[in-house]
Amino acid sequence: MKHTEHPMGTRPVLPLLVSMSLPAITSMLIQSLYNVVDSIFVARVSNDALTAVSLAYPLQNMVLAVAVGFGVGANAYIARNLGEGNQRNVDRAASMGMVFTTIHAVIFLLIGLLGSEPFLGMFTNDPEILRMSSSYTRIVICLSFGSLYHIYIEKLFQAVGNMFVPMILQGVGAIVNIVLDPILIFGLLGLPALGVTGAAVATVAGQMTACSLAVLYFFRTNPGIHITFPDMRPDRSIAKRIYAVGVPSGLMTAMPSLLVGILNALLVELHALAVAAFGLYFKLQTFVYMPANGLIQGMRPLISYNYGAGRQDRMRHIIRWSLILPAVIMAAGTLLAWLLPTQIMGLFDADRALIAVGVPMLRITSLGFLVSTLGTVLAGCFEALGKGLRSLAVSCIRQLIIIPPLALVFSRFWGLNGVWATFPVAETLAALVAVLLYFRLMKQLCQREEESNSPETENT
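Everything quoted here is computed from the prediction, not taken from an experiment.

**Some remarks on the nonpolar core**
Here is step 1 of the chain: Among the nonpolar cores identified, the biggest contains 131 residues, and Ile78, Leu156, Leu263, Leu267, Phe278, Ile303 and Leu354 are the most heavily contacted of them.
Here is step 2 of the chain: Per-element tally for this core: the top contributor is helix H3 (residues 47–84), with 18 residues.
Here is step 3 of the chain: Grouped together as the second largest cluster of nonpolar side chains are five residues, Met252, Met255, Ala379 and Leu392 included.

**A few points about empty space enclosed by the protein**
A probe matching the size of a water molecule, rolled over the atoms, marks out where space remains unfilled.
Here is step 1 of the chain: In the structure shown here, the tally under the stated rule is two cavities of 30 Å³ or more.
Here is step 2 of the chain: Within this model, the second largest cavity holds a volume of roughly 50 Å³.
Here is step 3 of the chain: The wall of the second largest cavity is formed by Ser54, Leu55, Tyr57, Val260, Asn264, Val275, Phe278, Gly279 and Phe282.
Here is step 4 of the chain: Here the residues of the lining of the second largest cavity are counted per class, giving six nonpolar, three polar and no charged.

**Overview of the layout of surface pockets**
Here is step 1 of the chain: Approximately 340 Å³ is the volume attributed to the second largest pocket.
Here is step 2 of the chain: As for the second largest pocket, its lining consists of 19 residues, of which Leu284, Phe287, Val288, Leu336 and Ile344 are closest to the centre.
Here is step 3 of the chain: Only helix H2 (13–42), helix H11 (274–284), helix H12 (286–308), helix H13 (312–339) and helix H15 (352–365) provide two or more residues apiece to the lining of the second largest pocket.
Here is step 4 of the chain: Top contributing element to the lining of the second largest pocket by residue count: H13, with five residues.
Here is step 5 of the chain: Residue composition of the lining of the second largest pocket, by class: 16 nonpolar, three polar and no charged.

**Section: the pattern of salt bridges**
Here is step 1 of the chain: Per the counting criterion, the structure on display carries seven salt bridges.
Here is step 2 of the chain: For arginine 88, the salt bridge goes to aspartate 231, with nearest N and O atoms at 2.8 Å. Remark: aspartate 231 occurs in the loop between helix H9 (196–221) and helix H10 (236–270) and arginine 88 occurs in helix H4 (residues 87–114); sequence separation between them is 143 residues.
Here is step 3 of the chain: As a salt-bridge pair, glutamate 128 and arginine 131 come within 2.6 Å of each other at their nearest N and O atoms.

Conventions adopted
- Residues numbered from 1 in each chain as written.
- Predicted model: local features only at pLDDT ≥ 70, side-chain atom pairs only at ≥ 80, totals over all residues.
- Heavy atoms only, no water.
- Core = buried A, V, L, I, M, F, W, Y, C linked by side-chain atoms within 4.5 Å.
- Buried < 20%, exposed > 50% of the residue type's maximum accessible area, 1.4 Å probe, protein only.
- Helix = DSSP H or I, 4+ residues; strand = E, 2+ residues; numbered from the N terminus.
- 1 Å grid on protein atoms, 1.4 Å probe; cavity = no way out; pocket = protein on both sides within 12 Å on 5 of 7 lines; lining within 4 Å.
- Points joined across faces, edges and corners; volume = space filled by probe spheres on them.
- Nonpolar A, V, L, I, M, F, W, Y, C, P; charged D, E, K, R; others polar.
- Salt bridge = Lys/Arg side-chain N within 4 Å of Asp/Glu carboxyl O.

Shown next as C-alpha cells:
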C-alpha cells in the first residue's frame, strides 16, 4: 500500500519545499560559520596563522564528508521507507547508523593522532606554519565525534520532515564557537592567548554542544524514529543500501579536500599568497553553495518520500522548483563577487597583496556559480533516488577530472588566472553530463511505471 497522507506527500509543492528548505539553508549557513569565523579571527593574528588554518581544511572537510555522506545515505533510505510505510526498516536503519557513526569517530581519532602532521608536512616547509597547523588539525580531527553524531541525528530529523530542529542546534553550536573564538585566540577574560589552538578548541566546543543537545532532544521527543540496542545489530542488506548512497555522497563532499590538496601543491609554486587566497575562496564560496545545498537538503527527503509513495508526477514538480530557487542564489553570488570583491576580502583583514590575488580569483571562479546549479541539484536528485554512482560521476567531473589537469595546463599560459578559469569550465561540462544522466534516468522510471501499470503486470 502506498502512503501519501504525510505532509511530504500532500502539501502544495512550492510552499512545502520552501518551508523545509529555509531551516536547512539557515542550518547550512551556520555550519559554514565554524571554519569561516575561525579564519576571520585567525587572520588578525598573522598571514601565517591564516595559512595554517587553510592547510587544515582538507582533513577538516573529510570529517564533514563522512558525516554528511553517511547521513545522506541514511536519510534517503529512511525517507523512502517512510513513504512505503515500512517502520521496521526505518528503526533498524536509524539504530545501525549509531554504530557506524561510532566506528567513523574512532577512525578519525587515529587519523588525527597519526596522520595529521605527515599530511600537513607535504604542503609547507615552514616550521612555524607546520606547528600551528598541526596543533589546530589534531584537535578538530581527534575530537570530531561531536560533529559526526550531531550531523547524523540532524539527518534523522530531516528524514521525517523536521528541518527546524537541526537549524536551532546548528545555531547554538555556532554561537558557542563565535563567543569562544576571540576569548581563546586572543586571551580575553584573563585566559591565556592560545592563537590557532584556541580557534580549534572553540570549534570543537561548539560542535560538542550541538551534539549533546541533538542527542538529548532526539531521545526525549521521539520524532517517529526509534533507536534501540537490539536494532543496532548490523544488517548487510540495509547497510549496503545506505552506503550505496552514502559513499558516493561522502566522496562528493570529500572531493574539495582532495582538490584543495592537489591545487595547493600547484599554487604554492605560483605565488606566495595563493594558498591563503584559495583557502579563503573555499570558505567564502560556502556562503553561495550552502544555501543551495540547504535547498537540496529540503528537496531530498521530499523526492525520496514521493518516489517511495509512487508519486513520480509530484516528484518531477519538486525537482523543477528545486532548480529554479538555487539558480537565484547562485546568480546573486556571482553579482556580489563582481561588485564587491575588495569588500569581501576585507572581511578577513586582507592586506593589499592578498587582495591583489583574491579579487581576480573571486570574479573568475564566480562565473561558474549559475551553471553549477544543474550539477549540484541533479546530483542531489540522484542521491534521493538511490542512484549514488550517477551523483558521484557528476561530482568527479566538477572537481577532479577537469580542474587539476586543466589547471596545470592553463597555469603555464595565464598563471593564477588560468587556475581560476578551470572552475567555470568544469562546472559547465558537469552540468551537461548531469542533464544527460537525468533525462536517461527519468526515461527508465517512466518505462518501469508503464510496465507496473500494464494489464499483464496487474494480472500476474
